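# Breakdown of the fold
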Amino acid sequence: MLSRSFLFLFFLALTVSAGEPITHTYKKAGDRELKLSIVNPPDWKSSDQRPAMVFFHGGGWVGGGPTQFTQHSEYLATRGMVCIQVEYRLIAKGDNGPPIDCVHDAKSAMRWVRGHAGELGIDPKRIGAGGGSAGGHLAAFVGMVEGLDDPQDDVKISPRANALVLFNPVFDNGPDQGWGYARVGERFKEFSPAHNISADDPPAIIFLGTQDKLIPVAVVERFKANMEKAGVRCEAIFYEGQGHGFFNPGKGGKMQFYYETLMAADKFLASLGWLKGEPTLQKPAEQ
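## Focus on the packing of aromatic side chains
All chains considered together, the criterion is met by 14 aromatic pairs. On the numbers, 6.0 Å between centres and 10 degrees between planes, the contact of F69 with F247 is stacked. Of this pair, F69 sits in the loop between strand 3 (50-56) and helix 2 (70-78) while F247 sits in the loop between strand 8 (234-239) and helix 9 (255-271); the two residues are 178 residues apart in sequence, bridging distant segments of the chain. Both residues of the pair, F69 and F247, count as buried. With a centroid separation of 6.1 Å and an interplanar angle of 90 degrees, the aromatic rings of F246 and F247 are classed as edge-to-face.

## Here we look at helix 5 (residues 134-144)
Counting buried residues in helix 5 gives 11 out of 11 residues, a clear majority hidden from the surface. On its buried side, helix 5 packs onto strand 3, helix 3 (100-115), strand 5 (122-132), strand 6 (164-167), helix 7 (188-191) and helix 8 (217-229).

## Some details on the nonpolar core
The biggest cluster of nonpolar side chains holds 54 residues, and the ones touching the most others in it are F56, I84, V113 and I122. Dropping the residues within four chain positions of it, V113 is found in contact with L36, V54, I84, L120, I122 and I127. Membership of the second largest hydrophobic core comes to 28 residues, among which are M53, V165, I205 and L275.

## Thoughts on the sheet that holds strand 7 (residues 204-209)
Spatial strand order, 1-2-4-3-5-6-7-8: eight strands in an open sheet with mixed pairing. Looking at the sheet topology across the chains shown, the edges are occupied by strand 1 (22-29) and strand 8. For this sheet the average axis-to-axis angle between neighbouring strands, irrespective of direction, equals 20 degrees. With seven bridges joining them, strand 1 and strand 2 (residues 32-39) adopt antiparallel strand pairing. In the strand pairing of strand 2, I22 is matched with I38. Where helix 9 meets the sheet, its contacts fall on strand 3, strand 6, strand 7 and strand 8, and the angle it forms with strand 7 comes to roughly 165 degrees.

## Some words on the pairing of strand 6
Of the two faces of strand 6, the one carrying L164 and L166 and the one carrying V165 and F167 are both buried. Sheet analysis places strand 5 next to strand 6, joined by four bridges and oriented parallel. Paired with G132 across the bridge in strand 6 is F167. Following the chain from strand 5 across helix 5 to the adjacent parallel strand 6, one finds a crossover that is right-handed.

## A word on the packing of helix 2 against helix 9
Where helix 2 contacts helix 9, the axes come no closer than 12 Å and their chain directions differ by 40 degrees. Here helix 2 lies oblique to helix 9, going by the angle between them. As helix 2 runs across helix 9, the sense of the crossing is right-handed. Touching Q71, H72, Y75 and L76 of helix 2 are Y258, L262, D266 and L269, all from helix 9. Taken together, the residues of the contact of helix 2 with helix 9 break down into five nonpolar, two polar and one charged.

## Focus on the side chain of D105
Of note, D105 is situated in helix 3. According to the relative accessible area criterion, D105 is buried, its value standing at 0%. Sequence-distant contacts of D105, defined by excluding residues within four places in its chain, comprise Y26, K27, L34, Y88 and R89.

## Here we look at the confidence of the model for the chain
Per-residue confidence for the chain averages 92 on the pLDDT scale, and 91% of its residues sit at or above 70. Averaged over each element, pLDDT in the chain is lowest for helix 1 (residues 4-14) (40) and highest for strand 6 (99). Throughout residues 1-15 the model reports pLDDT below 50, and contacts reaching past four residues in sequence, or to other chains, amount to 15 contacts.

## Some details on the environment of M53
Take M53: it is sitting in strand 3. Measuring from C-alpha to C-alpha, the distance between M53 and K125 comes to 12 Å, with 72 residues separating the pair along the chain. Those residues within four positions of M53 in sequence are excluded, and the remaining contacts are M81, V82, C83, I84, G128, A129, G130, V165 and L269.

## Section: the pairing of strand 4 (residues 82-86)
Of all five residues in strand 4, five are buried; the element is thus mostly enclosed. Side chains of strand 4 alternate between two faces, with V82, I84 and V86 and C83 and Q85 buried alike. Two elements, strand 2 and strand 4, share four bridges in a ladder whose sense is antiparallel. For S37, the partnering residue across the bridge sits in strand 4 and is Q85. The pairing of strand 3 with strand 4 spans five bridges and is classified as parallel. The residue of strand 4 that forms the bridge with A52 is V82. For the handedness criterion, the β-α-β arrangement of strand 3, helix 2 and strand 4 is classed as right-handed.

About the criteria used
- Residues numbered from 1 in each chain as written.
- Predicted model: local features only at pLDDT ≥ 70, side-chain atom pairs only at ≥ 80, totals over all residues.
- Heavy atoms only, no water.
- Phe/Tyr/Trp six-rings, centres within 6.5 Å; stacked < 30°, edge-to-face > 60°.
- Helix = DSSP H or I, 4+ residues; strand = E, 2+ residues; numbered from the N terminus.
- Buried < 20%, exposed > 50% of the residue type's maximum accessible area, 1.4 Å probe, protein only.
- Contact = heavy atoms within 4.5 Å.
- Core = buried A, V, L, I, M, F, W, Y, C linked by side-chain atoms within 4.5 Å.
- Pairing = 2+ DSSP bridges.
- Axes fitted to C-alpha atoms, helices over the stretch in contact; angles between N-to-C directions.
- Right-handed = clockwise from strand over helix to strand, strands pointing away.
- Parallel < 35°, antiparallel > 145°, perpendicular 65-115°, else oblique.
- Left-handed = near helix turned anticlockwise from the far one by under 90°.
- Nonpolar A, V, L, I, M, F, W, Y, C, P; charged D, E, K, R; others polar.
- pLDDT = per-residue confidence, 0-100.

Next up, the structure:
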């Protein structure tokens, strides 16, 4: 019997290959250069007007790394999107405060991408944001929350995402079953996308396991209801019995749910007119 990892590599090899990642510095923070990695479609040209997806990794704002969505990026690039993974500053050990550097960097990265859309072959009106857990918070934050801009940013360039793809996002930071309230405290309305819903928010799709110990199903259902009340499209898909990080293709996740969530994200983006046709991702047979 073939292993799941072999089947994954086999089916990945059947798809059209994405371009080699290209790294850019999007900002300097003190002596540190913060970078983002771009994967282009195989037939990409700088004169294109392609949709883009900017990914933010998870890790509770204190850990993780920008390669979490490498496989998602490689696949979506074969579907015609420019995909970007962002390095952002983490909360330092011993710092119990809010993720100010994280949100500053997320907005800076979005502004850099939109500000360079012409040379990146990107349509500046079709820049989505995606992420998992704390990265899902950052993706929702840049799509929904005003303020907390890095003082060095050019605020004339909008950091707002035009669509959101959120994998078990900690987008509610309030005191009622929210995550991260211990860090943000009474400032939660400055950080919490769930408390900044408005009619001009981007359409969103959310993936959550029903056994997620950080994010209750009720929190996502409440977010979805409030988005729809504001007239904003919001889809939520729940995966029975799955915990936090279930969507990851490697350690901590299951290949089945990597495929299922990514194919659902593909269909969501296609429904917006960002992608064409059916998903090309091939799901291996169950073992």
